[in-house]
Amino acid sequence: MNLPESVGNRIRELRKAKGWTQEQLAEAASLHYSYIGGVERGDRNISLETLEKIIAAFQVPALEIFRFEDESDRSKALDEHMILISDRSIEEIVALTKINREVIVTLDISGRKDTN
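A brief structural summary. (Residues numbered from 1 in each chain as written. Predicted model: local features only at pLDDT ≥ 70, side-chain atom pairs only at ≥ 80, totals over all residues. Heavy atoms only, no water.)

**As for the overall build of the protein chain**
Piece 1. For the protein chain, the count of helices and strands is 6 helices and 0 strands.
Piece 2. In the protein chain, the succession of α and β elements from N to C terminus is α-α-α-α-α-α.
Piece 3. Taken over 116 residues, the protein chain has a buried fraction of 31%.
Piece 4. Total accessible area on the protein chain is roughly 7900 Å²; 53% of this is exposed by carbon and sulfur atoms.
Piece 5. Taking the 16 positively charged and 21 negatively charged side chains of the protein chain as two groups, their mean positions are separated by 2 Å. (Helix = DSSP H or I, 4+ residues; strand = E, 2+ residues; numbered from the N terminus. Buried < 20%, exposed > 50% of the residue type's maximum accessible area, 1.4 Å probe, protein only. Areas by Shrake-Rupley, 256 points an atom, 1.4 Å probe, with all protein chains shown as cover. Lys, Arg positive; Asp, Glu negative; His and termini not counted. Charge placed at Lys NZ, Arg CZ, Asp CG, Glu CD.)

Structure (structure tokens):
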């Protein structure tokens, strides 16, 4: 798979994790929906400016567009989690991180009790 196809697939994964249609992504990025379709198929050789618009629409770090992995359930779940918190304020993200830590500690403790 070439780079435009890999980037296009990744954009599709992030769009689906956000629960958006191509039209919704196009609107958020100020692009035409047919253009998004071409990008996702790898038919378009997009500019950095266009890629920047798409990244801004997703509100994710640019690195996320180039994180190519198998489309595993784990990867999908991580994408969905990242998308859920991406438009939150830093204070909310910090609070959510603390809550997640507490839940993980509880799960770890609970898991140890189940194995004893």
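Still more ground to cover, so stick around.
**What to know about a nonpolar patch on the surface**
Piece 1. On the surface, Leu 96, Ile 99, Val 103 and Leu 107 cluster together to form a nonpolar patch covering roughly 340 Å² of accessible area.
Piece 2. Along the chain, Leu 96 falls in helix H6 (residues 90–115).
Piece 3. For Leu 96, a relative accessible area of 33% corresponds to the partly exposed category. (Patch = residues over 30% accessible without salt bridge, like charges linked within 9 Å, V, L, I, M, F, W, Y side chains within 5 Å. Salt bridge = Lys/Arg side-chain N within 4 Å of Asp/Glu carboxyl O.)

**Regarding helix H3 (residues 33–41)**
It helps to recall that an α-helix has 3.6 residues per turn; residues three or four apart then point in one direction.
Piece 1. Turning to H3, its buried residues number three or more, namely Tyr 35, Ile 36, Gly 37, Gly 38, Val 39 and Glu 40.
Piece 2. The secondary structure elements touched by the buried residues of H3 are helix H1 (3–18), helix H2 (22–29) and helix H4 (48–58).
Piece 3. Where H3 terminates, the next one or two residues include Gly 42, which has phi positive at roughly 80°. (Contact = heavy atoms within 4.5 Å.)

**Here we look at the pattern of salt bridges**
Piece 1. Following the criterion strictly, the structure yields 7 salt bridges and no others.
Piece 2. In this structure, the salt-bridge partner of Glu 64 is Arg 10, at a minimum N-O distance of 3.0 Å. Of this pair, Glu 64 sits in the loop between H4 and helix H5 (73–86) while Arg 10 sits in helix H1, placing them 54 residues apart in sequence. Summarising the burial analysis for this pair, Glu 64 and Arg 10 share the class buried.
Piece 3. With a shortest N-O distance of 2.9 Å, Glu 64 and Arg 67 are connected by a salt bridge.
Piece 4. When its relative accessible area of 22% is taken as the criterion, Arg 67 is described as partly exposed.
Piece 5. What you see here is one network of salt bridges that share partners, running through Arg 10, Glu 13, Glu 64 and Arg 67.

**Concerning the nonpolar core**
Piece 1. By size, the foremost hydrophobic cluster in this structure holds 22 residues, and its most contacted members are Ile 11, Leu 25, Leu 51, Ile 54, Phe 58 and Ile 65.
Piece 2. Only H1, H2, H3, H4 and H5 provide two or more residues apiece to this core.
Piece 3. At 5 residues, the largest contribution of residues to this core is made by H4.
Piece 4. Setting aside anything within four residues of it in sequence, one finds Phe 58 in contact with Ile 11, Leu 14, Arg 15, Lys 18, Trp 20, Leu 25, Ile 65, Ile 83 and Ser 86. (Core = buried A, V, L, I, M, F, W, Y, C linked by side-chain atoms within 4.5 Å.)

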